[in-house]
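Spelled out from the first residue to the last, the chains are:
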Amino acid sequence: MSCTTSKPKYVIGVSQCSGDIWRDKLNEELRMGTYFHDDVELRYASADDNDEKQIEQIDAFINEGINLLIVSPNQVATISPAIDRAFDSGIPVIVFDRKTSSKKFTAYIGADNENMGHEMGEYIAAQLKGKGRVLEIMGLKGSSPAIERHQGFVKALQKYPGIELVASLQGDWTEKSGRQAIEGLRKTDPQKVSNIDYVFGQNDRMAVGAYHALDGAHNPQTRFCGIDALPTKGGGMECVRDGILTASYIYPTHGDDVLQLAVNILKKKDYKKDNPLKGALVTKDNAHVLLMQNEEMERQKEDLDQLHEKVDDTLAVLNNQNVSLITLIIIVFLLIALCTYAYWAYLTKARFSQQLQESYERQRQLTTEIEEMTKAQLMFFTNVSHEFRTPLTLIADPVDHLLADNTLTDSNRHLLTMVRRNVQVLMQLINEVLDFRKVQAGKMKLQLSNFDLREAVARWLDDFEATAQKKNVRLVSKLPDEAVPVEADFSKVARIYFNLMSNALKFTPEGGTVETRLRHDGHDCTLTVEDTGIGMDESDRQHIFDRFFQSKGTSGGTGIGLSLVKAFAELHHGTATVDSRKGEGSAFTVVLPCRQAVVAGPAGGEHAASDAKAPQQLSPEGGAAITNGEASPQEGSEVTGESDAADRPTILVIDDNADVRDYLNTILSPLYNVTMAANGEAGLQEASREVPDLVVCDVMMPVMNGLEFCNRMKSETATSHIPVILLTARTLESQQTEGYEHGADSYITKPFSSRLLLARIDNLLRSRIQLKALFTTDSREQSDKAPQPASADKQQQESSEEQQLNATDKAFIDRLRTIIETHMADTGFGVEVIGTEIGLSRVQLYRKVKALTGSTPVDLIRKARLARARHLLQTTGKSISEVAYTVGFSAPSYFTKCFKEEYGMLPNEVVKA
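Residues numbered from 1 in each chain as written. Predicted model: local features only at pLDDT ≥ 70, side-chain atom pairs only at ≥ 80, totals over all residues. Heavy atoms only, no water.

**Thoughts on the overall build of the chain**
Consideration 1: Within the chain, the regular secondary structure consists of 33 helices and 25 strands.
Consideration 2: Split into buried and exposed, the 913 residues of the chain put 49% on the buried side.
Consideration 3: Summing over all exposed atoms, the chain offers an accessible surface of approximately 43000 Å²; the carbon and sulfur share of this is 51%. (Helix = DSSP H or I, 4+ residues; strand = E, 2+ residues; numbered from the N terminus. Buried < 20%, exposed > 50% of the residue type's maximum accessible area, 1.4 Å probe, protein only. Areas by Shrake-Rupley, 256 points an atom, 1.4 Å probe, with all protein chains shown as cover.)

Here you go:
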């Protein structure tokens, strides 16, 4: 049955007077009936033949606000007041099996117990042919079946004067009570027990008890019969077949009819107030056939079990629903009955299978919708968090700049500090949402380090002192005297403690106390934060660590802070628990192992080892200092850039937010030449046209996003060498990895520190490869026909430098070298030829070569010619003029001048050397 249905849900309370095989069977039929009514929930209660217990259970159902009550009264009169209370409170009442003395009920459904007693009396009289001694054992005193069966039985025997009813003994429906009744009579009046011809037990179990008490197996004179005829193992039907009982009477359960009657009442459909159920006599003549019938139904029930794990008793319920009809058909014509039942069972199985399939499909659709809704909710929070980071950047960093101004008045500094504190609060909320998303996606990892937990807790506790004083809340700590060394994720343990303390201070009223306790046993550390606040009831306590849960009456908050506490604790293989009482306070306890398991590798393990480093700076107000996980540049550090604007590096800023572009221009323009674009497509055009020294680019932009821009720019020959810094609100590790996979050189998350950005730009510009040595040293010196091999040291240096290039830039350098070497002897060879063969404009070629080598293309050609010339002068007998023409100089005099400027000596001095 689906637990998430859009239909109105009805709750039906079932109050059973006792628990036995017959009632278990009826309860199972009721439960299986709910497969056809998935808007119904059943709640069971059994009184175990105890009047007071059943009254309490009925009152509990009334207090729960059930929609309908199904009750089998333990006794006629004693349970009636409780039934009256239910009826008077507007709850429909169905009385089944047993009757009540009250008239306040909606409907009755059950067998005619008086008729059953009468039928059994007629049967015994017929067997005795109107003469004999009979003994009766009655059911629970005061119950309607015991009273009515006795009345029917006595009425039947009154027509036969030759039959003596020796005694009507009192039992309680159990086999033990039947045996004790006979043994008690034997002690008080042995004469009555002798020469008994028939014992009538008002149910089969008491009749079997009498059978054993009178040693029926060795006493053929006495015969026994009962009522129920359950086809279960050891039930009345088997007892009839095996000769223990001569007869029994089927007492039907029909739980499906009971449930259908309840549904009709709840849904305002037509129904009858009195609903009798039919029974039938079972004798040795038909018991075997009925049992075979039952075995066949059990087999079919097993087939249905494969279709639904919750309906393992389906065929048994269907059997009991139709047992009276099948019994009558069997008496008329056995073969017709078997064929009819087989056909009916086939149709029922097909119909039930279809209904189960439809139920499965509805449940699957609802589950899918819930999962999609949850994912959409998390994605919404994540996207909103990302969107918050851009405006926070434009608030946080300017505020830091203003606070650095020593001329601020105290009042202005106070206001700016308040702004920065609240920015930190917003960042804490955003980080919690993103951390929660990581936990939900299973991507949260531990950054393990070793630290003293006692020292850390003491320091964290001090951070809350000012907040506690404002609320007039007393902070108390009980920490060990010695150090508590642990291996854990410092940031996450700090978040655990700060979330617990923030929660405690939030719910502790003025004048209250918050106590922090830390203890360890060498294996585990136990951290407890206990407050004297408002506490919570049991229902809230059970869900306090659930995502998005907030206690009743709570205002503010996201409902994920304590969920993260539990998630971070479990990530450390620890636990998080709470003990709370309404009005007395709460105690949150986190137990963490002192040491973590073996650290997995970086390929996706749960833990990632790291050196100990400071976590995000947290504040008692819930804020986190804005950081990107790296140290800012040191005070006084220099940033690349000359005072002459023409010689300064050019930075291209790409962001769809105009305010962010303006702010970055404000930060960068004192040190760099800045150009700007509003999206990736415009930025790509600008980069191809201007060939800047570095690009600062947002990721989420219209037209073309930052990842596609980065990928395309790195694949273009003219721009592949340009370093790219992705400046974005996307903070997940997988998103950063994606950025690097698309060619980014650095990744900074919003909100960012301007000092960090400037330091990162400076480092990237300083670390660009200078390949001038590839062309200005003698490592590529060549002979007339082929270059000579360079020394091992030079080869190693050249290889190390080339390894820092990406594949596109390596190909460019190789192509440039080949073109220069191929055309070196051509006096007309120049920049235009290189640009034509490589496919770059003169401006693009100039800026790319300058960025990669530190020299202009003209300088590279001249240096390569001079290096080849020097090699020829050293290794051949050619004259200076011949060498000059060989390497592409049009005039020996100009060659001599250039050679002197490059090497500080004349060409003839090289020859003499």
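Back to the text.
**Observations regarding the packing of aromatic side chains**
Consideration 1: Tallied over the full model, the rule gives 15 aromatic pairs.
Consideration 2: Ring geometry for Trp-460 versus Phe-490: centroids 5.5 Å apart, planes at 75°, classification edge-to-face. Of this pair, Trp-460 sits in helix α15 (residues 453-463) while Phe-490 sits in helix α17 (residues 490-507), placing them 30 residues apart in sequence. The pair formed by Trp-460 and Phe-490 is uniform in burial state, with each residue classed as buried.
Consideration 3: Cluster of aromatic residues (ring-pair linked, three or more members): Phe-451, Trp-460, Phe-464, Phe-490, Tyr-497 and Phe-498.
Consideration 4: Sitting over the face of the ring of Phe-545, Lys-566 holds its NZ or CZ atom 5.9 Å from the ring centroid. (Phe/Tyr/Trp six-rings, centres within 6.5 Å; stacked < 30°, edge-to-face > 60°. Lys NZ or Arg CZ within 6 Å of the ring centre and 35° of its normal.)

**Brief notes about a nonpolar patch on the surface**
Consideration 1: There is a patch of nonpolar side chains on the surface, built from Leu-328, Ile-331, Val-332, Phe-333, Leu-335, Ile-336 and Leu-338 and spanning about 710 Å² of accessible area.
Consideration 2: Breaking the nonpolar patch down by element, the ones donating at least two residues are α12 (314-332) and α13 (334-403).
Consideration 3: Note that Ile-336 resides in helix α13. (Patch = residues over 30% accessible without salt bridge, like charges linked within 9 Å, V, L, I, M, F, W, Y side chains within 5 Å. Salt bridge = Lys/Arg side-chain N within 4 Å of Asp/Glu carboxyl O.)

**As for helix α30 (residues 857-875)**
Consideration 1: In this model α30 runs 27 Å from its N-terminal to its C-terminal C-alpha over 19 residues, within 8% of the 27 Å that 1.5 Å per residue would give.
Consideration 2: Burial within α30 is extensive, with 14 of its 19 residues counted as buried. (Expected span 1.5 Å × (residues − 1).)

**Things to note about the nonpolar core**
Considering soluble globular proteins, one finds that nonpolar side chains tend to be buried as a cluster.
Consideration 1: Of all hydrophobic cores here, the largest spans 46 residues; its most connected members are Leu-453, Trp-460 and Tyr-497.
Consideration 2: Apart from residues no more than four positions distant in its own chain, Tyr-497 is found in contact with Val-457, Trp-460, Leu-461, Phe-464, Thr-516, Leu-527 and Val-529.
Consideration 3: Tyr-10, Trp-22, Cys-225 and Ile-265 belong to the second largest nonpolar core, which has 41 residues in total. (Core = buried A, V, L, I, M, F, W, Y, C linked by side-chain atoms within 4.5 Å. Contact = heavy atoms within 4.5 Å.)

**As for the pairing of strand β24 (residues 724-728)**
Consideration 1: Most of β24 is tucked away, with 5 of its 5 residues classed as buried.
Consideration 2: Along β24, one buried face is formed by Val-724, Leu-726 and Thr-728 and the opposite face, lined by Ile-725 and Leu-727, is buried too.
Consideration 3: Summarising the sheet, strand β23 (residues 694-697) and β24 pair through 3 bridges and their orientation is parallel. Bridging across to β24, Val-696 finds its partner in Ile-725.
Consideration 4: In this view, the connection linking β23 to its parallel neighbour β24 by way of helix α22 (residues 706-715) has right-handed handedness.
Consideration 5: Pairing geometry for β24 and strand β25 (residues 746-749), over 4 bridges, is parallel. (Pairing = 2+ DSSP bridges. Right-handed = clockwise from strand over helix to strand, strands pointing away.)

**Here's the deal with helix α28 (residues 831-838)**
Since the α-helix packs 3.6 residues into each turn, any two residues three or four apart lie on the same face.
Consideration 1: For α28, every residue scored as buried is listed here: Val-831, Ile-834, Gly-835 and Ile-838. All buried residues of α28 project into a common sector of 95° when viewed along the axis, lining one side. Opposite its buried face, α28 presents the exposed residues Glu-832 and Thr-836, each directed more than 90 degrees away.
Consideration 2: Looking one or two residues past α28, Gly-839 carries a phi angle of roughly 95°, positive in sign. (Arc of directions from axis to C-beta.)

**Remarks on the confidence of the model for the chain**
Consideration 1: Of all residues in the chain, 78% attain a pLDDT of 70 or more, and the chain-wide mean is 79.
Consideration 2: Counting interchain partners and residues more than four positions distant, the pLDDT-below-50 stretch residues 1-6 has 13 contacts. (pLDDT = per-residue confidence, 0-100.)

**Observations regarding the sheet that holds strand β14 (residues 474-478)**
Consideration 1: In space, the 5 strands of this open sheet follow the order β14-β16-β17-β19-β18, with mixed pairing throughout. Each having just a single partner strand, β14 and β18 (575-581) make up the two edges of the open sheet. The sheet shows a mean angle of 15° between the axes of neighbouring strands, direction not considered.
Consideration 2: Summarising the sheet, β18 and strand β19 (residues 585-593) pair through 7 bridges and their orientation is antiparallel. Among the inter-strand pairings, Thr-577 is bridged to a residue of β19, identified as Thr-589. (Axes fitted to C-alpha atoms, helices over the stretch in contact; angles between N-to-C directions.)

**A word on the pattern of salt bridges**
Consideration 1: Counted according to the given criterion, the structure contains 32 salt bridges.
Consideration 2: Note that Glu-148 and Lys-99 form a salt bridge whose closest N and O atoms lie 3.6 Å from each other. Remark: Lys-99 occurs in the loop between β4 (93-96) and β5 (107-111) and Glu-148 occurs in helix α5 (residues 144-158); sequence separation between them is 49 residues.
Consideration 3: Using a relative accessible area of 36% as the deciding quantity, one classes Lys-99 as partly exposed.
Consideration 4: Notably, a salt bridge pairs Lys-863 with Glu-902, separated by 3.6 Å at the nearest N-O pair. With Lys-863 in helix α30 and Glu-902 in helix α32 (residues 892-903), this pair connects stretches of sequence that are 39 residues apart.
Consideration 5: In the salt-bridge network here, residues are joined through shared partners; they are Lys-9, Glu-41, Arg-43 and Glu-64.

**Description of unusual backbone geometry**
Consideration 1: At Asp-48, a position not held by glycine, the phi torsion is positive, near 55°.
Consideration 2: As for its placement among the helices and strands, Asp-48 is situated in the loop between β2 (40-46) and α2 (51-64).
Consideration 3: Given the relative accessible area of 49%, Asp-48 is considered partly exposed.
Consideration 4: The backbone phi angle of Asn-195 is positive, close to 60°, even though this residue is not glycine.
Consideration 5: Here Asn-195 shows up in the loop between α7 (190-193) and β8 (198-201).

**A look at the environment of Met-905**
Consideration 1: Mapped onto the elements, Met-905 comes out in the loop between α32 and α33 (907-912).
Consideration 2: Met-905 has contacts with Arg-870, Phe-899, Lys-900 and Val-910, leaving out every residue within four places of it along the chain.

**A few points about the sheet that holds strand β11 (residues 274-277)**
Consideration 1: The sheet built from 6 strands is open, its strands ordered β2-β1-β3-β4-β5-β11 with parallel pairing. The sheet is open, and its two borders are formed by β2 and β11, each paired with just one other strand. Each strand axis lies, on average, 15° off the axis of its neighbour in the sheet, ignoring direction.

**Digging into the packing of helix α21 (residues 680-690) against α22**
Consideration 1: Packing of α21 against α22 brings their axes to within 9 Å, and their N-to-C directions diverge by 25°. Of the possible angle classes, the one that applies to α21 and α22 is roughly parallel. Here α21 and α22 pass one another in a crossing that is right-handed. Mapping the contact onto sequence places Gly-680, Gly-683, Leu-684 and Ala-687 in α21 and Phe-709, Arg-712 and Met-713 in α22.
Consideration 2: A breakdown of the residues in the contact of α21 with α22 according to their chemical character gives 4 nonpolar, 2 polar and 1 charged. (Parallel < 35°, antiparallel > 145°, perpendicular 65-115°, else oblique. Left-handed = near helix turned anticlockwise from the far one by under 90°. Nonpolar A, V, L, I, M, F, W, Y, C, P; charged D, E, K, R; others polar.)

**Here we look at the state of the cysteines**
Consideration 1: Applying the stated criterion to the full structure yields 0 disulfides.
Consideration 2: Left unpaired, Cys-697 is separated from the closest cysteine sulfur, that of Cys-710, by 7.5 Å.
Consideration 3: Judged by its relative accessible area of 0%, Cys-697 falls in the buried class. (Disulfide = S-S within 2.5 Å.)

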